[in-house]
Amino acid sequence: MQSLENPLDVLAIAPHPDDAEISVGGTLVTCQRQGLLVGVLDLTNGEPTPHGSPEIRARETTAATEILQLAWRQNLGLPNRTLEHTLEARRKLATIFRLTRPRVLLAPYWEDSHPDHVAATSLIEAARFWSKLTRSDMDGEPFHPPQIYYYFSIHLKVHPQPAFVFDISEAIDAKMSAIRCYESQFITGRKQEFPTSLDDIRDRARFWGWSIACKYGEPFASRESIRIGSFASMGQ
């Protein structure tokens, strides 16, 4: 992979294909509509699952990517279910950061019931640091992504207080359409009586929208302080 001609503005790193759509799909669509260059890196292929296969999941991911209108999407090819923060995985991910040079990283929240998600967070944070190393044999120039925010996973049954909630009111339909592309995960073999898993995802977005007085939202946490230079546009 070569360095991108135009660095990404936002890069969401997802443990599995469909995690980005579920957790930050609305944010990605909104950023893309605002003229930002948006990408997704899936760490694994998400398989095996009860009704999926690598081929099915790849087709579903392609369809969802078209709806999100992403500028870039790749898969790092790490093992599903046994995702680990290894030195080799850290090197691969740090190289991606050096080649795509994103201003904002979106990563899974650091506490979750899914081991892959917890491993992903640790891996992303370490790779963010490694990405800036000089005198390295990694491809690309040293680069430290300046911002990292953490999205909430649906596997965690409690919701911590977020640092901020992103307004996705105008992107909720695109978000849900992208999620529905993963038929093997949300439709095949699943009960279709209310509340379905799709109902749950939309209802959570409605709750977070309610929390900031808008229609729909997606929450983010931060380990670091968030820079604010003006109150003029806040609350709008």
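Above this text is the structure in question.
Below: a short report on this structure. Just so it is clear, the model here is predicted, and its values are computed rather than measured.

Let us now look at the overall build of the protein. Scanning the protein for helices and strands turns up 7 helices and 7 strands. Going residue by residue from the N terminus, the α and β elements of the protein occur as β-α-β-α-β-α-β-α-β-β-α-α-α-β. The C-alpha radius of gyration computed for the protein amounts to 17 Å, which stays within 12% of the reference 18 Å derived for 236 residues, consistent with globular compactness. Structurally, the protein occupies a C-alpha span of about 55 × 50 × 30 Å along its principal axes. Expressed as a percentage of contacts within the protein between residues at least 6 apart in sequence, the contacts between residues at least 24 apart total 80%. Total accessible area computed for the protein in this model is approximately 11900 Å², and 51% of it derives from carbon and sulfur atoms. With 25 positive and 29 negative side-chain charges, the protein shows a separation of 4 Å between the mean positions of the two kinds.

Attention now goes to helix α7 (residues 197-211). Helix length check: α7, at 15 residues, gives a terminal C-alpha distance of 21 Å against a target of 21 Å (1.5 Å per residue), a fit within 8%. Residues Leu198, Ile201, Ala205, Trp208 and Gly209 constitute the buried set of α7. Mapping the buried residues of α7 onto a view down its axis gives an arc of 105°, with all of them on the same face. Contacts made by the buried residues of α7 are with α1 (19-33), β6 (164-167), α5 (172-180), α6 (183-186) and β7 (217-221). Looking one or two residues past α7, Ala213 carries a phi angle of roughly 60°, positive in sign.

Attention shifts here to the sheet that holds β6. Remark on secondary structure: sheet strands pair via backbone hydrogen bonds, oriented parallel or antiparallel. The 7 strands are arranged β3-β2-β1-β4-β5-β7-β6 in an open sheet whose pairing can be described as mixed. Edge positions in the open sheet fall to β3 (72-78) and β6, since each of these has one partner strand only. Taking the axes of each pair of neighbouring strands and ignoring which way they run, one obtains an average angle of 30° across the sheet. Along the sheet face, α7 touches β6 and β7 and points at about 75° away from the line of β7.

Bringing the pattern of salt bridges into the picture now. Enumeration over the complete set of coordinates arrives at 10 salt bridges. In this structure, Arg91 and Asp137 form a salt bridge, with 2.6 Å as the shortest nitrogen-oxygen distance. Pair noted here: Arg91 is in helix α3 (residues 87-100) and Asp137 is in the loop between α4 (115-130) and β5 (147-151), with a separation of 46 residues, a long-range link. Measuring nitrogen to oxygen at the nearest pair gives 2.7 Å for the salt bridge that ties Lys175 to Glu218. Here the residue Lys175 occupies a position in helix α5, and Glu218 occupies one in strand β7, the gap between them amounting to 43 residues. Judged by its relative accessible area of 2%, Lys175 falls in the buried class. Taken together, the shared-partner salt bridges connect Asp18, Glu47 and Arg57 into one network.

The subject of this paragraph is unusual backbone geometry. In this structure, Pro48 follows Glu47 across a cis peptide bond, with omega equal to 15°. As for its placement among the helices and strands, Pro48 is situated in the loop between β2 (38-44) and α2 (54-68). With an omega of 0°, the peptide bond between Phe194 and Pro195 qualifies as cis. Secondary-structure assignment places Pro195 in the loop between α6 and α7. Look at Asp18: it is not a glycine, yet its phi comes out positive at around 105°. Position of Asp18 among the secondary structure elements: in the loop between β1 (10-14) and α1. Although it is not a glycine, Arg135 sits at a positive phi angle of roughly 50°. In this structure, Arg135 sits in the loop between α4 and β5.

Turning our eyes to something else, we now look at the nonpolar core. If you look at the biggest cluster of nonpolar residues, it comprises 33 residues, and the most contacted ones within it are Val10, Val24, Leu28, Leu106, Ile179 and Phe186. If one sorts the elements of this core by residue count, α1 sits on top with 6 residues. Leaving out residues up to four positions away in the same chain, Ile179 has contacts with Glu21, Ile22, Phe186, Leu198 and Ile201. Residues Leu76, Met138, Phe152 and Leu156 belong to the second largest nonpolar core, which totals 31 residues.

What follows concerns the side chain of Asp9. Structurally, the position occupied by Asp9 is in the segment before β1. Residue classification places Asp9 among the buried positions, given a relative accessible area of 16%. In this structure the side chain of Asp9 is engaged in a polar contact, spanning 3.2 Å, whose partner is the side chain of Arg103. Discounting chain neighbours no more than four positions away, the residues touching Asp9 are Leu36, Leu37, Pro102, Arg103 and Val104.

Rules used throughout
- Along each chain, residue indices are assigned from 1 in the same order as the chain's sequence is written.
- Note on the predicted model: pLDDT of at least 70 is required for a residue's local features to be given, and 80 or more for side-chain atom pairs to be given and counted; whole-chain, interface and lining totals, by contrast, use all residues.
- Side-chain descriptors were evaluated using all non-hydrogen atoms of the structure, hydrogens and water having been removed beforehand.
- Helix numbers and strand numbers start at the N terminus; a helix is a DSSP run of H or I with at least 4 residues, a strand a run of E with at least 2.
- Put simply, the radius of gyration uses C-alpha atoms, and a globule should come to 2.2 Å times the residue count raised to 0.38.
- The criterion used for residue contact is that any of the two residues' heavy atoms lie within 4.5 Å.
- With residues, only the protein chains shown are counted as cover, and all accessible areas are computed by Shrake-Rupley using a 1.4 Å probe.
- For the charge count, each Lys or Arg is scored as positive and each Asp or Glu as negative, with His and the chain ends excluded.
- A charged residue contributes its charge at one atom only: NZ of Lys, CZ of Arg, CG of Asp or CD of Glu.
- Working rule for helices: expected span equals 1.5 Å times residues minus one.
- For each residue, the accessible area found with a 1.4 Å probe, counting protein chains only, is set against the maximum for its type, and the residue is called buried under 20%, exposed over 50%, and partly exposed in between.
- The arc under discussion is defined with respect to the helix axis, by the directions toward the C-beta atoms.
- In this description, strands pair whenever DSSP reports at least two bridges between them.
- Helix axes use the C-alpha atoms of the stretch in contact, all axes being lines fitted to C-alpha atoms, and the angles between their N-to-C directions lie in the range 0 to 180 degrees.
- By convention in these notes, a salt bridge is any Lys or Arg side-chain nitrogen within 4 Å of a carboxyl oxygen on Asp or Glu.
- Put simply, buried Ala, Val, Leu, Ile, Met, Phe, Trp, Tyr and Cys residues joined by side-chain atoms within 4.5 Å make one nonpolar core.
- Contacts described as polar in this section are N or O atom pairs within 3.5 Å, which, within protein, must combine one atom able to donate a hydrogen with one able to accept it, while residues neighboring in sequence count only if both atoms come from side chains.

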